[in-house]
Amino acid sequence: MLKLASPLSPGEVALVGAGPGDADLLTMAAFRLIADCDVIVYDALVSDEILALANPAAELICAGKRGGRPSADQQDICQTMVQLAQQQKRVVRLKGGDPFVFGRGGEEMRALAAAGIRFRVIPGITSGIAAPALAGIPVTDRTTNASLAFLTGHEAHEESRIDWPALVAAFPVLVFYMGAKNLPQIARRLIGAGLAADVSIAIIHAAGTANESCITGSLRQAMDGELVAVSPAIVVVGEVVDGRIDWRSMNQEKA
Ligand code: SAH
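Residues numbered from 1 in each chain as written. Predicted model: local features only at pLDDT ≥ 70, side-chain atom pairs only at ≥ 80, totals over all residues. Heavy atoms only, no water.

(A) Region of the structure containing the pairing of strand β2 (residues 39-42). The alternating pattern of β2 places V39 and V41 on one face and I40 and Y42 on the opposite face, and all of these are buried. Two elements, β2 and strand β3 (residues 59-62), share four bridges in a ladder whose sense is parallel. Bridge pairing links V41 to I61 in β3. Judged from the four bridges that link them, β2 and strand β4 (residues 91-95) form a sheet pairing that is parallel. The residue of β4 that forms the bridge with V41 is R93. (Buried < 20%, exposed > 50% of the residue type's maximum accessible area, 1.4 Å probe, protein only. Helix = DSSP H or I, 4+ residues; strand = E, 2+ residues; numbered from the N terminus. Pairing = 2+ DSSP bridges.)

(B) Region of the structure containing the site of the ligand. Close contacts around the ligand come from 17 residues, with P20, V101, T126, S127 and A233 the closest. In the model, an oxygen atom of the ligand is placed 2.9 Å from a nitrogen or oxygen of the D98 main chain. Interatomic distance of 2.7 Å between a backbone N/O atom of A233 and an oxygen atom of the ligand. Isolated, the ligand exposes 550 Å² of accessible area, and the fraction of that covered by the protein chains is 92%. Of the residues assigned to the shell around the ligand, the class counts are 12 nonpolar, four polar and one charged. A domain-level breakdown of the shell around the ligand finds at least three residues from each of domain 1 (12-125) and domain 2 (128-248). (Near = heavy atom within 4 Å. Polar contact = N/O pair within 3.5 Å; in protein donor to acceptor, adjacent residues only side chain to side chain. Areas by Shrake-Rupley, 256 points an atom, 1.4 Å probe, with all protein chains shown as cover. Nonpolar A, V, L, I, M, F, W, Y, C, P; charged D, E, K, R; others polar. Domains from an automatic or database assignment.)

(C) View of the pattern of salt bridges. Inspection of the entire model under this criterion finds 10 salt bridges. E108 is the salt-bridge partner of R93, the closest N and O atoms lying 2.8 Å from each other. Of the two residues, R93 is situated in strand β4 and E108 in helix α4 (residues 105-114); the sequence distance between them amounts to 15 residues. Considered together, R93 and E108 belong to a single accessibility category, that of buried residues. For K95, the salt bridge goes to E108, with nearest N and O atoms at 3.0 Å. Taken together, the positions of K95 in strand β4 and E108 in helix α4 put the pair 13 residues apart, joining distant regions of the chain. For the pair formed by K95 and E108, the shared burial category is buried. A single network of salt bridges, built from pairs that share partners, joins D43, R93, K95 and E108. (Salt bridge = Lys/Arg side-chain N within 4 Å of Asp/Glu carboxyl O.)

(D) Molecular detail of the domain arrangement of the protein chain. Taken domain by domain, the protein chain holds domain 1 (12-125) and domain 2 (128-248). Each of domain 1 and domain 2 has a C-alpha centre, and the two are 28 Å apart. Contact residues are listed per partner, giving eight residues for domain 1 and 11 residues for domain 2. Around 700 Å² of area is buried between domain 1 and domain 2 when both sides are counted, 79% of it from carbon and sulfur atoms. Summed over the shared surface of domain 1 and domain 2, the result is zero salt bridges. Tallied by class, the residues present in the side of domain 1 that touches domain 2 amount to six nonpolar, one polar and one charged. (Contact = heavy atoms within 4.5 Å. Buried area = accessible area lost by both parts, 1.4 Å probe.)

(E) Seen up close, unusual backbone geometry. The peptide bond linking S231 to P232 adopts the cis configuration, its omega dihedral lying at -5°. Considering the arrangement of structural elements, one finds P232 in the loop between α8 (219-223) and β10 (233-237). Positive phi values are uncommon outside glycine, yet M178 reaches one of about 55°. Tracing the backbone through its elements, the reader meets M178 in the loop between β7 (174-177) and α7 (183-192). Here M178 falls in the partly exposed class, since its relative accessible area comes to 42%. Positive phi outside glycine occurs at A206, with the angle close to 50°. In this fold, A206 is placed in the loop between β8 (200-205) and β9 (213-218). By relative accessible area, A206 is classed as buried at 12%.

What follows is the structure in structure tokens.
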């Protein structure tokens, strides 16, 4: 079996998850491949700390992609990767969190396969799990939930593909990616779908970076705009938020 961290061959692409931002949360395979490749095509959410691990001779190409900002067209990104591979470069395609969680990694994988490019996939720690953990919120807890849902908050304002009443009935814990901008609409939809207005919510901003913050409150406060989320943020809704222990500030006090 292929060792995930074995050196890339010329013309090979690795779709690599970079985790939430802290370089300490990279996988061993991500660390090794970032340090030993010819080109890194990275997303806006990949931290400078992680890019600094690249071989100084490697070319770094920013592929953009951040809600509300100009971003490279997905087709262009796929084409760039295919062209680099065809030039026999060893390419790392570096994406925030996990490449296959709201990250379009599937589309990129299919584009590479269609072009006959050799590739591998390195999973990363997804922010929907890492951000709550860093803030001291376990996304499952034996006493509160036997299931959870991961969603994008991106479409809450438009014709939504989410069945909100079914969602609220089925899942005691909801974790939203890309929910910052539409937070009031998301909260309104959840309350409209039957969730109590006093259910707790946590907003974790920039987890795993120097700017990390976590604020908590109720769904009603989120609906009324009293809790403001700044992108990138993970929004956690449910009783698990009440069990939060802010272990990092406790450690800071002791240090
Ligand atoms: N593939 C990524 C998600 C990409 S979608 C992953 O698995 O994590 C982009 C969204 O991810 C952001 O809008 C935000 O909701 C979330 N996100 C990514 N990095 C984050 C971080 N360091 N802190 C908080 N949220 C983050």
